[in-house]
Amino acid sequence: MVQKLHDYLRESPSQTAGPYVHIGCTPNFTGIDIYGGDLGTSMKTGPVQGTEITIKGTVFDGMGAPLRDAMIEIWQPDAAGLFPSANETRGTPDPNFTGWGRSPGDMETGEFTFDTVKPGAVPYPDGRMQAPHITAWIVARGINIGLHTRIYFDDEQVANAADPVLSRIEHQNRVPTLLAKKEAAGLYRFDIHLQGPAETIFFDI
Amino acid sequence: MSLVNLPPKPGGFIPRDRTWQPDGLTPTYKTSVRRSPQAPLLSFPSTLSEETSPVFGHHLIGPLDNDLILNYAQPGQSAIGPRIIVHGRVLDELGRGVAGALVEFWQANAGGRYRHKKESYQAALDPNFGGCGRTITGADGSYEFRTIQPGPYPWPNGMNDWRPAHIHFSLFGHGFAQRLITQMYFEGDPLIKRCPIVGVLKSQEAVDALTAPLDMHQSVPMDCLAYKFDMVLRGQRQTYFENRKEGL
Ligand SMILES: [Fe+2]
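Under an unreviewed UniProt entry, the name given to chain B is Protocatechuate 3,4-dioxygenase beta chain, and the organism recorded is Yoonia vestfoldensis SKA53. Chain B has a UniProt comment under Sequence similarities (unreviewed entry) that states "Belongs to the intradiol ring-cleavage dioxygenase family."

An unreviewed UniProt entry annotates chain A as Protocatechuate 3,4-dioxygenase alpha chain originating from Yoonia vestfoldensis SKA53. Its UniProt record, at the heading Sequence similarities (unreviewed entry), says of chain A: "Belongs to the intradiol ring-cleavage dioxygenase family."

Quick look at the structure:
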C-alpha cells in the first residue's frame, strides 16, 4: 500500500452554460436592469496606450448556423505585453486597460464585437516569445465544457512563424483558423467554427 | 532559488482531467451534436496568457447582489418560493480556498420559468424575481447567497425531458485556465438521474460532486433552509523547480 493523496480534490465537472447564460453573466443585455451594468462590456477605462483595434466575429455550428446564445470572453495583455492581473510581476500594466472583455453577441445576428488594443507579445514558459495573441473562451447551450482558443493576427507573419504554440500544430493548414483577418485599418474579423472543414483549433491548456 | 525561506513560485496549471470532465459530443444531449469540435483539442502547457486573470474587487459587489429574494423585488416585496441559503467554498485541486473568486449564478423562478425573451414555458413569471446574482469569495474561498429554490422545467430535447431543479454557476479564479461554468443540483431530486444534461457526466461520483446536500446547520429557524455546495477549480503547481527562466 502507499499513502493516499487524500488532500487533493477533483475539479468540479463542467456543465453547459445553457440557453440562458446571458441572464447570469450579462443580465442587462437581456433586459434585467441590475448591478449598474454588465461586466466586461468595455475594456478601456480611459485613454489607452498602443493601437486601438476592433475585433468582430460570429460563432458557427456544424451546419453553418450562427450561435445567438453563446457568450464569448477574451483575455489579453496590454500593448506592452503586460497583463492587468494580480499575477503580473514583470511590470506595471496600462492602468486604463482591463484586458478582459465579455460579449453576449448581437441579439439578432450573434455577431460579437470587442473594442480593444493590439496586444503586445508575451513569453512562453521557456523564454521564447509568443506572437501577439488574445485568449478566447466560448460557452453556449450544447457546449458541455467551455472551449479555449486563441486569436492571432494575420498581419504578424514573422511573429506567427516563430510562435511556439502555432508551430506545434500538426496540420499547418489549420493555422489560419486561429488568425484574425484584417479587414480595414484597426478592424479584424475572427469567426469561430465549432465544426466542419474550417473548424477552429481549440486548446486543452 | 537558494533562499529556502521564500515561498515557492506558482507554476503551471495542473492539466485538466478529460477522463473526468464531460466530452464535447454527447448525442443524448442533442444540441451537442452540432456544437462539439470534431478534431482533438491541441494540448500545451499553460502560459502567462492562461495563468493570469482579471481582478474583480469586492467593491464591485452591491449589498443585494447575493440576495435573489430581494435584488429584483419591488420595495417591501420579495420573490415567491421556498427560501434557501446556498453556501460553500471555492477550492482548488490542492484543497486550498480560492480567495477573491467572482461567482455568478442564475436560475429559473420557483415555477421553473426564466426571465428571458426566448423562454416559452407556460409557468408564470414572478414580477419580484430576476433570477441572477453574484458575489466574490472571502479569504478562505467561502461564499453565500440567498435565493428561492428553483422549480424543474421541461425543455426541447427528447419528447418529455425535464431539467431537475438547478442553479447555474460561473466561476472566475486567478487564472483564465480555471474558467468554469457548471450547475448545482439539489439532494434527493428524482429528476437528476433522468436528465440528459446530467447524463453527460461520466460517473456517479461526478453527479454527486454537483449535488448539494441539505445543510440544517446553516438553515435559519423559521426563515430559510440551506444547501451546501463546494466547487473546485484547477490547481496550480507550487514549486522552486519550475522549468522556466527567472523572472517569467
Ligand atoms: Fe437552467
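S.K.: Provide a residue-level description of the UniProt feature "domain: Intradiol ring-cleavage dioxygenases" (unreviewed entry) in chain B, including the pertinent values.
M.R.: Here, the residues flagged by UniProt with the feature "domain: Intradiol ring-cleavage dioxygenases" (unreviewed entry) are residues 86–114 of chain B. A helix fraction of 0% and a strand fraction of 41% characterise residues 86–114 of chain B, whose end C-alpha atoms lie 19 Å from each other.

S.K.: Hey, could you go over the UniProt feature "domain: Intradiol ring-cleavage dioxygenases" (unreviewed entry) in chain A for me, with residue numbers and the actual values?
M.R.: Here the UniProt feature "domain: Intradiol ring-cleavage dioxygenases" (unreviewed entry) sits at residues 55–83 of chain A. Taken end to end, residues 55–83 of chain A is 0% helix and 34% strand, and its two terminal C-alpha atoms sit 19 Å from one another.

S.K.: Give a detailed account of the interface of chain B and chain A, specifying residues and quantitative values.
M.R.: Counting from both sides, the interface comprises 90 residues of chain B and, opposite them, 76 residues of chain A. Taken together, the two surfaces of chain B and chain A that pack against each other cover about 7500 Å², and 57% of this comes from carbon and sulfur. Considering only the side of chain B, the residues that lose the most area to chain A are Arg35(B), Leu42(B) and Phe44(B), jointly responsible for 11% of the buried surface there. Put simply, chain B and chain A have eight salt bridges between them. With a shortest N-O distance of 2.9 Å, Arg18(B) and Asp204(A) are connected by a salt bridge. Ranked by residues supplied to the side of chain B that touches chain A, first place goes to strand β10 (residues 180–186) of chain B with five residues. In terms of residue class, the side of chain B that touches chain A is made up of 41 nonpolar, 26 polar and 23 charged. Two strands pair when backbone bridges link them, and strand β11 (residues 203–204) of chain A and strand β2 (residues 42–43) of chain B are joined in this way by two bridges, in the parallel orientation. The partner of Phe203(A) across the bridge, within β2(B), is Leu42(B).

S.K.: Break down a nonpolar patch on the surface for me, with residues and values.
M.R.: Residues and elements named next belong to chain B. Residues Leu214, Met216 and Leu225 make up a contiguous nonpolar surface patch of about 260 Å² in total accessible area. Within the secondary structure, leucine 225 sits in strand β12 (residues 225–228). A residue is classified by how much of its surface remains accessible, and leucine 225, at 37% relative accessible area, is partly exposed.

S.K.: Go over the confidence of the model for chain B with me, naming the residues and quoting the values.
M.R.: Looking at chain B as a whole, its pLDDT mean stands at 93, while 93% of the residues score no less than 70. The ipTM for the predicted assembly is 0.96, set against a pTM of 0.96.

S.K.: Give a detailed account of the nonpolar core, specifying residues and quantitative values.
M.R.: One finds Val86(B), Val90(B), Trp106(B), Phe169(B), Met184(B) and Phe229(B) to be the most contacted residues of the largest nonpolar core, which totals 68 residues. Counting residues per element, this core draws most heavily on β10(B), at five residues. In contact with Val90(B), not counting residues within four places along its chain, are Arg96(B), Gly97(B), Val98(B), Ala101(B), Val103(B), Thr137(B), Gly141(B), Tyr143(B), Leu171(B), Met231(B) and Leu233(B). Core analysis: the next-biggest nonpolar cluster, separate from the first, contains 27 residues, Ile55(A), Val59(A), Leu147(A) and Phe202(A) among them.

S.K.: Any chance you could break down the sheet that holds strand β5 (residues 132–136) of chain B for me, citing the residues and the numbers?
M.R.: The strand order β5-β4-β9-β10-β11 (chain B) describes an open sheet built from five strands, whose pairing is mixed. With one partner strand each, in any of the chains shown, β5 and β11 (211–212) of chain B form the two edges of the open sheet.

S.K.: Which residues make up the side chain of Thr116(A), and what values do they have?
M.R.: All names here are of chain A. Looking at where threonine 116 falls in the secondary structure, it is placed in strand β5 (residues 112–117). On the basis of relative accessibility, which here comes to 0%, the residue threonine 116 falls in the buried class. In terms of polar contacts, threonine 116 uses its side chain to reach the side chain of glutamine 76, at 2.7 Å. Excluding residues that lie within four positions of it along the chain, threonine 116 makes contacts with Met43, Lys44, Thr51, Glu52, Ile53, Ile55, Gln76 and Phe97.

S.K.: Got a sec to walk through the coordination of the iron ion? Specific residues and values, please.
M.R.: All names here are of chain B. Within the protein, the iron ion binds to Tyr114 (OH), Tyr153 (OH), His166 (NE2) and His168 (NE2); these donor distances fall in the range 1.9 to 2.2 Å. Seen from the iron ion, its four donor atoms lie at angles of 91 to 158°, and the figure they make is irregular. We note that the donor set of the iron ion lies within a single chain, spaced as Y-x38-Y-x12-H-x1-H. Of this pair, tyrosine 153 sits in strand β7 (residues 153–155) while histidine 168 sits in strand β9 (residues 166–172), and the two are 15 residues apart along the sequence.

S.K.: For the pattern of salt bridges, give the residues involved together with the corresponding values.
M.R.: Pairs can form between side chains of opposite charge whenever their charged atoms are close. Across all of its chains, the model carries 25 salt bridges over all chains by this definition. The closest approach of N and O atoms between Arg10(A) and Glu205(B), which form a salt bridge, is 3.4 Å. On the criterion of chain membership, the pair formed by Arg10(A) in the segment before α1 (21–25) and Glu205(B) in helix α2 (residues 204–209) is interchain, its members lying in two chains. Owing to a relative accessible area of 39%, Arg10(A) belongs among the partly exposed residues under this scheme. Among the residues examined, Glu205(B) registers a relative accessible area of 46% and is labelled partly exposed.

S.K.: Explain the pairing of strand β3 (residues 71–75) of chain A residue by residue, including any values.
M.R.: Residue and element names in this part refer to chain A. Judged by how many residues are buried, β3 sits mostly within the fold: five of five residues are covered. Where burial is concerned, the two faces of β3 agree: the one with Met71, Glu73 and Trp75 and the one with Ile72 and Ile74 are both buried. Of the pairings in the sheet, the one linking β3 to strand β6 (residues 134–139) comprises five bridges and is antiparallel in character. What sits directly across from glutamate 73, in β6, is tryptophan 137. Pairing of β3 with strand β4 (residues 100–103) involves four bridges; the strand directions are antiparallel. Directly across from isoleucine 74, in β4, lies its bridge partner glycine 101.

Here is what the cut-offs are and how they apply
- Residues numbered from 1 in each chain as written.
- Chains lettered and ligands numbered in written order.
- Predicted model: local features only at pLDDT ≥ 70, side-chain atom pairs only at ≥ 80, totals over all residues.
- Heavy atoms only, no water.
- UniProt positions renumbered as here; feature names shortened; annotations may be inferred.
- Helix = DSSP H or I, 4+ residues; strand = E, 2+ residues; numbered from the N terminus.
- Contact = heavy atoms within 4.5 Å.
- Buried area = accessible area lost by both parts, 1.4 Å probe.
- Salt bridge = Lys/Arg side-chain N within 4 Å of Asp/Glu carboxyl O.
- Nonpolar A, V, L, I, M, F, W, Y, C, P; charged D, E, K, R; others polar.
- Pairing = 2+ DSSP bridges.
- Patch = residues over 30% accessible without salt bridge, like charges linked within 9 Å, V, L, I, M, F, W, Y side chains within 5 Å.
- Areas by Shrake-Rupley, 256 points an atom, 1.4 Å probe, with all protein chains shown as cover.
- Buried < 20%, exposed > 50% of the residue type's maximum accessible area, 1.4 Å probe, protein only.
- pLDDT = per-residue confidence, 0-100.
- Core = buried A, V, L, I, M, F, W, Y, C linked by side-chain atoms within 4.5 Å.
- Polar contact = N/O pair within 3.5 Å; in protein donor to acceptor, adjacent residues only side chain to side chain.
- Donors = N, O, S within 2.8 Å, 3.2 Å for Na, K, Ca; no water.
- Tetrahedral: all angles 85-135°; square planar, octahedral: opposite > 155°, others 65-115°.

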